[in-house]
Amino acid sequence: MVTSLAVGYGMARALDIPAMIGMMVGGMMGLMSAFAVAENTWQRLARAILWMPFPYAAVLWLAAELHDDRRLEIGLMVGALALTFFLARFGQLYLLTGMMLFNGLMVGMMANIPAGMSGKTLLVALVSAAAVLVTRLLLCYPMPREDLLRTQRAFVVEARRVADAAIEALDPDADQERAVRRMTRALRRLNVTTVTIDGRLAQPEVAADPDMAELLHRHLFDAELALRGIGRAVQDLTGLAVDPHLREALVVGLVVARDTPLGSAQGLRPAAEIIRRQADAVPNDPAGGNRPAEAVEPAYRVAQLLDSLAGSLSQWLALGWSSPQSPAKVPFQPTVALERDRPAGSAAATRRVLAAGTETSWRRAVPFVRAPLHAGIAAAIVCPITDAIDPHRFYWGLVGVMITLFGTNTTHERLRKFGHRMTGTVIGAVIGIALLHLVGHGHVYLMLTIIVAGITLGAWGMQRAYALWVVGLVVALVQLYGLTTPDAGMDHLLGERLLDNGLGILIATLCAALIFPLSGRRITREAERGYVSAVDDLVSQLALRWEDPEAPVRLRGAARAVDSALFQVVSLVRPLVRMPLGVRGRDADNRTALLTTATGHARALAAAADIDIDLAPRQAERFAHVATVLTGSLRALDHALATGGEPEETWQRVSPLVRELRAELDTAPSGPRAERVRTALRELAALDDALAGYAERCGLTVGGAPPQDIVSSPMERRTQALVAEWGTRRAPRDAAVSERSATVTASAGPGRETASLERVLPVSPALSAMPSDGVAVTGSIRCDRHPAGCAGWITVINGRGKRVAAGSVQSGRYRVDGLRPGPHTLIVSAPAHAPHAELLSVPSAGGTGRIGHDMWL
């Protein structure tokens, strides 16, 4: 704005035209560049900014030619506004063109620029646009790597705000209710910032390193999860009697977390150790009693989460610092979609509803003409009314129409914007008039400073509340109005502006509600369907992840999509005016609370379940049954939301089945992987409980899942018999520390010797803690005709029929690596023999495994 105003003023002096005209023409280049041009390469930036002067100057000339025909001039304004909404469907450059056409007509009518000055105004616009481009390239050059580092700093700022709120909550003299509310706000802002950052990692036309991009998403997700866990643990501690020394250790640890520099995230680990040592001392303190001991578990949780935060945050920051310098190699990958650099709101659900109802005959044109019709008809109604109020400023009503229809999708959103516009105008008028009286009319530079400061602060506040932008805008406009309007007439002028804007907003809202209307309830249901679909995708990816560890699954990305879907639901169910309890129904709030709870469990599930595991065949089938039933319930809920009627299906709860499966796995030895599996199952059961409550509020009948009838194949039954026989032959020593040997015999058929399976490994249950390299199988292939050994090939398939290993037989010897625990089949193919297959059971164990398996053909 400073550049464009200064260049416009200088060009006006150089071309001998009025300074106000030069500043209006040049200032529009700066204003539209700031608000409508957001590109991430200098080529796209230059194309957009240097294109703006041409449509703008063209309509300035047209407005001058038609200045004597007021009806035609007003009709052109109405048509330009409708055209802007039509062009918006075709991309950013088309939208920019429509906005410049509308703005050019408006400025041409306001300033009454003569037609003979059109060439000079084009020159002013071109030079101002070029100066704005140079300024942006010098001060804000598109640098994806710097953008990544800047978003990382933004995340750390929000993380420190969470830590600061936690410190206040642990203060025994603080207002606990206020502290918890502050913690809730801090966690909400952290989540908004994290989703925004995740979406900004998807900037267009930037080549990506897929591996590095995935690591960025994973560590960002884990860091936010740790911070949210710390916040919840501290909230739990506010209701408990905490040992004073433990409280002090917690505060010290959180202060360290808050004040740790960006490059020293690993410094959080000593803080976690301080908390852990003090928590160890609490149960041993005879003077402590039982009540302070209740706080030990949340304290341990804080320490553990600080450790997790140290690892994920340090790795995330390190990835940013080590990212490539070249813009074409910065690793951005899409996860969630943003709207105007913010988490997506109601627009996606509105588009889906509109598309679903306009797929046949002439209604295919509705998505293209709906918004232009709203704008055109509303403008045609508003213009005669505002022209009768004040012919010189009738365009204020058009501004009200334009701001109402841009960025809103429901009547609630438009009425909320009306409230923000009216409130912001009143507050901005009071502040602007006070500053105008304080500065006076003779200090032009002070007035310009207030104008730029008002627009700057308003732009900063726009992301927080639309009313803040209106306050800054009106403060700036009051200074401009003060150049031509006496003090006595300022109140009338601002009141007229308030009236015209309000009329434009209300008439546009009415037109949108009557012309091709979309039910707000239907849009809300569509957003809820989007949420259910995101959870369905998460559960499906989880089942695939545990069935096939090599599948291209992104559980954290699926959980982030659930986060984004929740934002869309919340943006639609938010009430226009918050009423006291008992005055209005709270069903929407309760449903949103259930979805918020489910989203928290979805995040924790995605983080815990993203591991390679090998369940026993029976347990794997039970988990597959759980996933199938849960996805079936989610689709029944989706059908109920889509039809809006009484659903035929029911929600079948799987949480009892999940808890039974988890109880079976509790006999497995403890370890990081086993604990993560248990955590994943616990979060899956909690997710089912939360969604069952939501389904019940949507009208579904909630019942238990049908029992599973697991029928094993003959090979699986034989495998289970072999494993059982192997288990009965174990020596009676402690399985956690001793090593055992076992021999499993299986008949090789008539005329064949007995094949032996021999291994020396620690015994463990079906839940494997094997390293990623798995078990090696070595052995020999012999027959009567080839005493020295046969030549051929070995193929190993698992219990699902998938090939997992292969190798060649050299001089009768073979070796295959990487077998995971479970039933396998070894197939021998030799030129001199028919194919031969034998069963091989690989039990679960810890450490490095090796199996000797000889075969006689």
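Residues numbered from 1 in each chain as written. Predicted model: local features only at pLDDT ≥ 70, side-chain atom pairs only at ≥ 80, totals over all residues. Heavy atoms only, no water.

### What about the overall build of the protein chain?
Next, step 1: Scanning the protein chain for helices and strands turns up 27 helices and 14 strands.
Next, step 2: The buried share of the protein chain, reckoned over its 857 residues, is 51%.
Next, step 3: Restricting the contact set of the protein chain to residue pairs at least 6 apart, pairs at least 24 apart contribute 77%.
Next, step 4: For the protein chain, the computed accessible surface area is about 38,900 Å², with 59% contributed by carbon and sulfur atoms. (Helix = DSSP H or I, 4+ residues; strand = E, 2+ residues; numbered from the N terminus. Buried < 20%, exposed > 50% of the residue type's maximum accessible area, 1.4 Å probe, protein only. Contact = heavy atoms within 4.5 Å. Areas by Shrake-Rupley, 256 points an atom, 1.4 Å probe, with all protein chains shown as cover.)

### Here we look at the nonpolar core
Next, step 1: One finds Tyr531, Trp546, Leu637, Trp651 and Leu691 to be the most contacted residues of the largest nonpolar core, which totals 69 residues.
Next, step 2: Those elements giving two or more residues to this core turn out to be α10 (210-237), α14 (347-356), α21 (520-547), α22 (555-573), α23 (587-609), α24 (617-643), α25 (655-665) and α26 (672-697).
Next, step 3: Once residues lying within four places of it in the same chain are set aside, the contact partners of tryptophan 546 are Ala609, Ile611, Ile613, Leu615, Phe623, Val677, Ala680 and Leu681.
Next, step 4: Counting residues in each nonpolar core, the second largest holds 56 residues, with Ala378, Leu398, Met447 and Val475 among its members. (Core = buried A, V, L, I, M, F, W, Y, C linked by side-chain atoms within 4.5 Å.)

### Considerations on the environment of leucine 634
Next, step 1: As for its placement among the helices and strands, leucine 634 is situated in helix α24.
Next, step 2: Considered as a pair, leucine 634 and arginine 529 are 105 residues apart in the sequence and their alpha carbons are 9.6 Å apart.

### A word on the side chain of glutamate 224
Next, step 1: Relative to the elements of secondary structure, glutamate 224 occurs in helix α10.
Next, step 2: A distance of 2.6 Å separates a polar atom in the side chain of glutamate 224 from a polar atom in the side chain of asparagine 191.
Next, step 3: If sequence neighbours within four positions are ignored, glutamate 224 has contacts with Phe155, Leu190, Asn191, Thr194, Arg560, Asp563 and Arg603. (Polar contact = N/O pair within 3.5 Å; in protein donor to acceptor, adjacent residues only side chain to side chain.)

### Section: unusual backbone geometry
Leave glycine aside and you will find that most residues have negative phi; peptide bonds, for their part, are mostly trans.
Next, step 1: With a phi angle near 60°, aspartate 16 is a residue other than glycine that sits in the positive phi range.
Next, step 2: Among the residues examined, aspartate 16 registers a relative accessible area of 69% and is labelled exposed.
Next, step 3: Within the chain, phenylalanine 516 stands out as a residue other than glycine whose phi angle is a positive 45°.
Next, step 4: Tracing the backbone shows phenylalanine 516 in the loop between α20 (487-514) and α21.

### Describing the confidence of the model for the protein chain
Next, step 1: Per-residue confidence for the protein chain gives a mean pLDDT of 79; residues scoring 70 or more make up 81%.
Next, step 2: The lowest-confidence element of the protein chain is strand β6 (residues 755-761), averaging 30 in pLDDT; the highest-confidence one is helix α7 (residues 118-139), averaging 93.
Next, step 3: This stretch, residues 579-585, has a pLDDT under 50; its non-local contacts, to residues over four places away or in other chains, come to six contacts.
Next, step 4: pLDDT under 50 marks residues 709-772. Its contacts with residues more than four places away, or in other chains, come to 123 contacts. (pLDDT = per-residue confidence, 0-100.)

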